[in-house]
Amino acid sequence: MPASRTVQLDAPEVRITEWRLPPGSAIGHHRHEYDYVVVPMTDGELTIVAAAGTSRAPIAAGQAYFRKAGVEHDVKNETAREIAFIEIELKRPG
């Protein structure tokens with residue numbers, strides 16, 4: 001089953017997306033255009049696949065983190081439980 005993406009809000013200043021990753025799913029390789037904040041809704045461990053290699057990223061429900069624009073990676077759920085998080089992209093007005 002693939003990861004599911006639900007855009008909750010797409011405004012000139014911000015885009016808010018809910019991601020749900022069933023076991024064995026992946027978002028797919030992508031590059032972040034904007035600075036972004038991730039707010040996990042579940043505890044779990046994501047597998048991050050980037051040019052520098054593969055790493056594990058434990059997440060905890062409610063423990064937000066921030067990343068700068070330009071990050072390129074794939075995000076996978078290689079666990080036995082669904083993982084869900086909210087991604088908040090901080091757009092720059094043109």
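Only a predicted model underlies this, so the values are computations on that prediction, with no experimental measurement involved.

Caption draft 1: Examining the overall build of the protein chain more closely. When helices and strands are tallied, the protein chain shows zero helices and nine strands. When its helices and strands are written in sequence order, the protein chain yields β-β-β-β-β-β-β-β-β. In terms of overall dimensions, the protein chain is globule-like: its C-alpha atoms have a radius of gyration of 13 Å, near the 12 Å expected for 94 residues. On the principal axes, the C-alpha backbone points of the protein chain span a range of 40 × 30 × 25 Å.

Caption draft 2: Region of interest: the sheet that holds strand S7 (residues 65–67). An order of S1-S2-S9-S4-S7 is seen for the five strands of this open sheet, with the pairing classed as antiparallel. Whereas interior strands pair on both sides, the edge strands pair on one side only; in this sheet they are strand S1 (4–10) and S7. Each neighbouring strand pair of the sheet contributes to a mean axis angle of 20 degrees, computed without reference to strand direction. Of the pairings in the sheet, the one linking strand S2 (residues 14–21) to strand S9 (residues 83–90) comprises eight bridges and is antiparallel in character. Paired with tryptophan 19 across the two strands is phenylalanine 85, which belongs to S9.

Caption draft 3: Broad picture of the side chain of glutamate 89. Along the polypeptide, glutamate 89 turns up in strand S9. Residue classification places glutamate 89 among the buried residues on the basis of a relative accessible area of 7%. In contact with glutamate 89, not counting residues within four places along its chain, are Glu13, Val14, Arg15, Thr17, Tyr34, Asp35 and Tyr36.

Caption draft 4: Highlighting the environment of histidine 73. Relative to the elements of secondary structure, histidine 73 occurs in strand S8 (residues 72–76). Considering only alpha carbons, one finds histidine 73 and glycine 28, 45 residues apart in sequence, at a separation of 7.9 Å. The contact partners of histidine 73, leaving out residues within four places of it in the chain, are Gly28, His29, His30, His32, Tyr36, Ile48, Val49 and Ala50.

Caption draft 5: A look at the pairing of S1. By the bridge criterion, six bridges tie S1 to S2 in an arrangement that is antiparallel. Directly across from aspartate 10, in S2, lies its bridge partner arginine 15. Counted between consecutive antiparallel strands, the loop separating S1 from S2 contains three residues.

Caption draft 6: Focus on the environment of valine 71. Considering the arrangement of structural elements, one finds valine 71 in the loop between S7 and S8. With 37 residues separating them in the primary sequence, valine 71 and tyrosine 34 have C-alpha atoms 9.1 Å apart.

Caption draft 7: Layout of the layout of surface pockets. Taken as a whole, the largest pocket spans an internal volume of roughly 360 Å³. As for the largest pocket, its lining consists of 24 residues, and the residues nearest its centre are His30, His32, Tyr36, His73 and Glu87. Among the residues forming the lining of the largest pocket, the class breakdown is 13 nonpolar, four polar and seven charged.

Conventions we followed
Each chain has its residues counted from 1, following the order in which its sequence is written. Local features in a predicted model are, by the rule used here, given only for residues with pLDDT of at least 70; side-chain atom pairs are given and counted only at 80 or more, and totals for whole chains, interfaces and linings are based on all residues. To get the side-chain values, all heavy atoms of the structure are used, and hydrogens and water are removed first. Only DSSP runs of H or I with at least four residues qualify as helices, and only runs of E with at least two residues qualify as strands; both kinds are numbered from the N terminus onward. As defined in this context, the radius of gyration uses C-alpha atoms, and a globule is described by 2.2 Å times the residue total to the power 0.38. By definition, two strands form a pair when at least two bridges between them are found by DSSP. The axes are straight lines fitted to the C-alpha atoms, using for helices just the contacting stretch, and the angles between their N-to-C directions are given from 0 to 180°. When a residue's accessible area, from a 1.4 Å probe over protein chains only, is under 20% of the maximum for its type it is buried; when over 50% it is exposed; and in between it is partly exposed. Should any heavy atoms of two residues lie within 4.5 Å, those residues are considered in contact. Using a grid of 1 Å spacing that covers the protein atoms alone, one calls a set of points a cavity when a 1.4 Å probe fits there but cannot get out, and a pocket when the set is open and has protein on both sides within 12 Å along at least five of seven lines; lining residues are those with an atom within 4 Å of a point. Grid points are joined across faces, edges and corners, and a volume is the space filled by probe spheres set on the points. The classification used treats Ala, Val, Leu, Ile, Met, Phe, Trp, Tyr, Cys and Pro as nonpolar, Asp, Glu, Lys and Arg as charged, and all other residues, Gly among them, as polar.

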